[in-house]
Amino acid sequence: MLINDLHEVPQDVPEPDMYDSSIKLVQDLMPAAHNVVPPRKDSWALGNDRPRITRQIHHRVVIDFTGKPLKAFKSSKQLMQVVSDAFTGDQHLFCAYLFDSHLIPANQQSYERNGPTYCDISPQNILINQNGHGILNDFDLVKPQAVLGHRRIHERYGTWQFMSSLLLEKHHSIHMIQDDMESFIYVMLYFGLRYLEHNSRICVSDLLARIFDDKGPNQDGFAIGGMMKIGLFTSRTFLGTDFKFSAEPFQAWWEWAFYAVRQWIKHSDPPSKRPLSELELSLLGPQPEPKRVAETDLLIYDHSKMAEAFFKCVTILEWPTDERPPVDAGFKRR
């Protein structure tokens, strides 16, 4: 039995409602009591006259389900299966909502039905059930796009290590579905580097810290990061050009993910609108217009191509039968 305590601001969609209407769980959802207590008006109550304090409502959700943490996976194939289930939503486990005669994936259904994004794709929110498949859990940070567009800076959502590169770099950015998809890729990369066989010669703990813990203050004092992730995808920083995972299907998926994120980063970097001066033109010569991929042709424009990549790698490609069990190399040198 899973008990989830959460606090939400009044204008948000309560998590119990997300389970009841947006995502139809196969597991039974026990009734969740809604007890809204008005804020205290006493002089000692913090936040009465402070606009930075956000008033919240307390909810308690109880679900008839207990799962194992993602780190309990037994093989590279199961890791991909579990994360794929969390991304696409397995029809027998998590998503049983019928929409135009098609089962809509969990994360995709959440977006297409209500227009929200999950906002916190991270290992602690992906569980393994008793059948070895994955469940995407904990919907308390799911926010509609309209709400995300009016969030203040200190209310930015997500787990730092798995937030998208552009959200970390540009702290004013609005959370989009592409940010969630990029977060799924970071979950796969983190667990692949930490637990699976690969040919990197860099100490794994150093590698993880450089890629995922990159953080520093900007001129306004807000924490920013993402530059190491951007470097990873634009110039293969840290991993190098010859890096590969030992399990070929896992490596094939990673190569697809690498190009998908690199494509998205380049597409999201707008060309300069400033015309070149005569001196600059004399030095540079005529410059052709950079070719930009049409937005609808991007690999992570929507969920479809990523879902297809997961499906092909999990069900079609041949996985190794003699790989060693996952080993936590996060604090050991290879």
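Residues numbered from 1 in each chain as written. Predicted model: local features only at pLDDT ≥ 70, side-chain atom pairs only at ≥ 80, totals over all residues. Heavy atoms only, no water.

Enquirer: Which parts of the structure should I look at to understand unusual backbone geometry?
Expert: Trans is the common state for peptide bonds, and a negative phi is the common state for residues other than glycine. In this structure, arginine 236 is a non-glycine residue whose phi angle is positive, near 55 degrees. Along the polypeptide, arginine 236 turns up in the loop between α8 (227-235) and α9 (248-268). (Helix = DSSP H or I, 4+ residues; strand = E, 2+ residues; numbered from the N terminus.)

Enquirer: Which parts of the structure should I look at to understand helix α11 (residues 304-315)?
Expert: Spanning 12 residues, α11 covers 16 Å between terminal C-alpha atoms, matching the ideal 16 Å at 1.5 Å per step. Along its buried surface, α11 packs onto α2 (76-88), α6 (177-195) and α9. (Expected span 1.5 Å × (residues − 1). Contact = heavy atoms within 4.5 Å.)

Enquirer: Would you mind showing me how to read the packing of helix α7 (residues 204-212) against α8 here?
Expert: How two helices pack is summed up by the angle between their axes together with the distance between the axes. For the pair α7 and α8, the least separation of the axes is 6 Å and the interaxial angle reads 105 degrees. Between α7 and α8, the interaxial angle falls into the category roughly perpendicular. Of α8, the residues touching α7 (which contributes Arg210, Ile211 and Phe212) are Met228, Lys229 and Leu232. Of the residues that constitute the contact of α7 with α8, the class distribution is four nonpolar, no polar and two charged. (Axes fitted to C-alpha atoms, helices over the stretch in contact; angles between N-to-C directions. Parallel < 35°, antiparallel > 145°, perpendicular 65-115°, else oblique. Nonpolar A, V, L, I, M, F, W, Y, C, P; charged D, E, K, R; others polar.)

Enquirer: It is not clear to me how the side chain of threonine 159 should be interpreted in this structure. Could you clarify?
Expert: Checked against the element boundaries, threonine 159 lands in the loop between α4 (145-148) and α5 (165-169). Under the relative-accessibility criterion, threonine 159 is labelled buried at 18%. There is a polar contact of 3.4 Å between the side chain of threonine 159 and the side chain of serine 122. Within the local environment of threonine 159, its side chain forms a polar contact with the side chain of glutamine 124, the two groups lying 3.0 Å apart. Once residues within four sequence positions are removed from consideration, threonine 159 is found in contact with Asp120, Ser122 and Gln124. (Buried < 20%, exposed > 50% of the residue type's maximum accessible area, 1.4 Å probe, protein only. Polar contact = N/O pair within 3.5 Å; in protein donor to acceptor, adjacent residues only side chain to side chain.)

Enquirer: Where do I start with the pattern of salt bridges in this structure?
Expert: Here the idea is simple: oppositely charged side chains can pair when their charged atoms come close. The final tally for this structure, using the stated rule, is five salt bridges. Here arginine 194 makes a salt bridge to aspartate 328, at a shortest N to O gap of 2.7 Å. Of this pair, arginine 194 sits in helix α6 while aspartate 328 sits in the segment after α11, and the two are 134 residues apart along the sequence. Linking lysine 312 and glutamate 308 is a salt bridge whose minimum nitrogen-to-oxygen distance equals 3.2 Å. In this pair, lysine 312 and glutamate 308 are both assigned in helix α11, four residues apart and thus about one turn of the helix distant. A relative accessible area of 41% means that lysine 312 is categorised as partly exposed. (Salt bridge = Lys/Arg side-chain N within 4 Å of Asp/Glu carboxyl O.)

Enquirer: Would you explain the sheet that holds strand β8 (residues 134-136) in this entry?
Expert: The pairing of strands in a sheet happens through backbone hydrogen bonds and is either parallel or antiparallel. Overall, antiparallel pairing links the three strands, which are arranged β3-β7-β8 in an open sheet. The sheet terminates laterally at β3 (68-69) and β8, the two strands that pair on one side only. Bridging between strand β7 (residues 126-128) and β8 involves three bridges; their strand directions are antiparallel. Within β8, the residue paired with isoleucine 126 across the bridge is leucine 136. (Pairing = 2+ DSSP bridges.)

Enquirer: What is the right way to look at the side chain of arginine 194 in this model?
Expert: Arginine 194 gets classed as buried once you look at its relative accessible area, which sits at 13%. At 2.7 Å, the side chain of arginine 194 forms a polar contact with the side chain of aspartate 328.

Enquirer: Where do I start with the nonpolar core in this structure?
Expert: By size, the foremost hydrophobic cluster in this structure holds 62 residues, and its most contacted members are Leu193, Trp253 and Trp254. For this core, the secondary-structure elements that each account for two or more residues are α2, β7, α6, α7, α8, α9 and α11. The dominant element in this core, judged by the number of residues it contributes, is α6, at 12 residues. In this structure tryptophan 254 touches Ile185, Leu189, Leu232, Phe233, Leu239, Phe243 and Phe245, once residues within four positions along its chain are discounted. (Core = buried A, V, L, I, M, F, W, Y, C linked by side-chain atoms within 4.5 Å.)

Remember, this is a structural readout, not a statement about activity or role.
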